[in-house]
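A look at the structure
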Amino acid sequence: MTAADAAIERRWDQFHTWGPYGLLAMGTLLSAVTSDEVMAGPGEWWVAGPLVAAALLLQLWHGPRRGRRVPSRRGVVYYVLRWAISFGLTWLNPFFAFYAVAGYFDADEVLPGVRRQRFGLFATSIVVAGSQSGGLPFHNSGQVAVFCGLLVVNNALLMAVAHLTYQEEERSRERAATIEALQQALDENAALHAQLLLQAREAGVADERRRLAAEIHDTIAQGLTGIIAQLQVVASAPDLDVARTHLERASDLARHSLGEARRSVHNLAPVALEHAGLAEALKKTVAEWGERTGVRAEFTVTGTAEQLHDEVAATLLRIVQEALSNAARHARAGRVGVTLSYLGDEVILDIRDDGRGFDPAAVPERTRAGGFGLDGMRARAERIAGSLTVESEPGHGTALSARVPLVRHD
């Protein structure tokens, strides 16, 4: 419930609690002022007085309203007794009908069932129409005719108001049902999003395992096989020169395999994220790369930095590592800039250099001696529903831009 709804509910509580007292007081005051003209004599106040006191006691027994009441037998007793008291008072003085009007406002709260509520409203309209026609009892047929006409008009108005109220309640129920359905749809979408993210992460893990298995098979395993073969030749070599040649070959294979192993381990576990967020890890990575290569490297963060999901942070860090590695090997750049931008529902990573550039349409196929490459960076971005774009031309540097969804840390 909103604050506005709560304020409206408090006003209804005040109206239903103090309204009957106010109407009774108004009827009593007007009856006292007009008693000489309307009431038969002072003796009628000996009857009206106890009835007014009984009305006050009845209201105290009914108690204040604290939220919408639930129809009950107690409510039926209250409504019937109030109607009887108001009928008796109106019989003595028509102005006491003000107290009877209270029956129009709470029939739906104290009377169970639509039929009982309609009957209660009709009974109240009898008292009100009797007061409007000049008071009870009737003194001539003309007054009876006026009473019947007023009774019809009052009930027609009641039916019209009841119909409009029913339509408004139906619209309110429909709006509430629509809001509930929308909330349910939002909850389902959130659950589906989480499920898709989990599936994407699992698929990424499976892809990474397949990639590592293929790299180990193509590099380390083959290198070890070659080393064994060279050592077997050494074991049966006829002279020292032949043995030395094959030992050198085995040593080269071992160094190459060690480099491949280190690269695979480096790609598997982004150690830089273990004790820092993505922005801090990228800043450190860029600074260390610049010191190692002697290239001027700058890192910038725009927007409000947030703690990203582990898979998203690892993907962006690896893309930067591979891009910097490519720049060191191929770009011959004098300056490299890395920008991490947080833009609402997505994160954008831009890597630019002023190197020699290349033709993106003429990128050679990846070789076993090469790195992860543009295809690998693009695959990493797409694995988490992102994308990678490359802009470059010979002699004018290179710009990479990775856009991925901003998925916060669990």
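Refer to the structure printed above.
Residues numbered from 1 in each chain as written. Predicted model: local features only at pLDDT ≥ 70, side-chain atom pairs only at ≥ 80, totals over all residues. Heavy atoms only, no water.

**Structural notes on helix 7 (residues 114-132)**
With 19 residues, helix 7 should reach 27 Å at 1.5 Å per residue; the first-to-last C-alpha distance of 27 Å fits that figure. Regarding helix 7, the residues found buried are Gln117, Gly120, Leu121, Ala123, Thr124, Ser125, Val127, Val128, Ala129, Gly130 and Ser131. Downstream of helix 7 by one or two residues, Gly134 has phi in the positive range, about 120°. (Helix = DSSP H or I, 4+ residues; strand = E, 2+ residues; numbered from the N terminus. Expected span 1.5 Å × (residues − 1). Buried < 20%, exposed > 50% of the residue type's maximum accessible area, 1.4 Å probe, protein only.)

**Some remarks on the packing of helix 3 (residues 45-62) against helix 4 (residues 73-92)**
One can describe the packing of helix 3 onto helix 4 by two numbers: an axis separation of 10 Å at closest approach and a directional angle of 160°. Classified by the interaxial angle, the pair formed by helix 3 and helix 4 is roughly antiparallel. The handedness of the crossing between helix 3 and helix 4 is left-handed. Contacts between helix 3 and helix 4 pair Val47, Ala48, Leu51, Val52, Ala54, Ala55, Leu58, Gln59, Trp61 and His62 from the former with Arg74, Val77, Tyr78, Leu81, Arg82, Ile85, Gly88, Leu89 and Leu92 from the latter. Residues belonging to the contact of helix 3 with helix 4 are distributed by class as follows: 14 nonpolar, three polar and two charged. (Axes fitted to C-alpha atoms, helices over the stretch in contact; angles between N-to-C directions. Parallel < 35°, antiparallel > 145°, perpendicular 65-115°, else oblique. Left-handed = near helix turned anticlockwise from the far one by under 90°. Contact = heavy atoms within 4.5 Å. Nonpolar A, V, L, I, M, F, W, Y, C, P; charged D, E, K, R; others polar.)

**Looking at the pairing of strand 2 (residues 335-343)**
Across the nine residues that make up strand 2, a large majority, seven, are buried. Across seven bridges, strand 1 (residues 296-302) lies against strand 2 in parallel orientation. When the sheet's bridge partners are listed, Phe299 is paired in strand 2 with Val338. For the crossover that starts at strand 1, traverses helix 11 (residues 310-331) and ends in the parallel strand 2, the hand is left-handed. Across eight bridges, the pairing between strand 2 and strand 3 (residues 346-353) is antiparallel. By the bridge assignment, Leu340 is partnered in strand 3 with Leu349. Counted between consecutive antiparallel strands, the loop separating strand 2 from strand 3 contains two residues, among which Gly344 sits at a positive phi close to 70°. (Pairing = 2+ DSSP bridges. Right-handed = clockwise from strand over helix to strand, strands pointing away.)

**Some thoughts on the environment of Asp375**
Among the structural elements, Asp375 can be located in helix 12 (residues 373-383). On the accessibility criterion, Asp375 (60% relative accessible area) is exposed. A C-alpha to C-alpha distance of 9.4 Å links Asp375 and Leu388, two positions 13 residues apart in sequence.

**A word on the packing of aromatic side chains**
With the rule as written, the count across this model stands at seven aromatic pairs. Centroid distance Trp18 to Tyr21: 5.7 Å. Interplanar angle 45°. Geometry classified as tilted. Here the residue Trp18 and the residue Tyr21 both occupy positions in helix 1 (residues 3-33), the gap between them amounting to three residues, near one helical turn. Arranged with centres 6.4 Å apart and planes meeting at 70°, the rings of Trp45 and Phe96 form a pair that is edge-to-face. (Phe/Tyr/Trp six-rings, centres within 6.5 Å; stacked < 30°, edge-to-face > 60°.)

**Some remarks on a nonpolar patch on the surface**
Together, Ile8, Trp12, Phe15 and Phe105 make up an exposed nonpolar region whose accessible area comes to about 380 Å². Summarising the element assignment, Phe105 is placed in helix 6 (residues 103-110). Accessibility expressed as a relative area gives 38% for Phe105, which makes it partly exposed. (Patch = residues over 30% accessible without salt bridge, like charges linked within 9 Å, V, L, I, M, F, W, Y side chains within 5 Å. Areas by Shrake-Rupley, 256 points an atom, 1.4 Å probe, with all protein chains shown as cover. Salt bridge = Lys/Arg side-chain N within 4 Å of Asp/Glu carboxyl O.)

**With respect to unusual backbone geometry**
Residue Pro137 follows Leu136 across a cis peptide bond; omega there is 0°. Tracing the backbone shows Pro137 in the loop between helix 7 and helix 8 (141-235). Phi is positive for Arg332, which is not a glycine, with a value near 55°. Relative to the helices and strands, Arg332 resides in the loop between helix 11 and strand 2. The exposed category is assigned to Arg332, whose relative accessible area is 69%. In this structure, Ala385 takes a positive phi of about 65° despite not being glycine.

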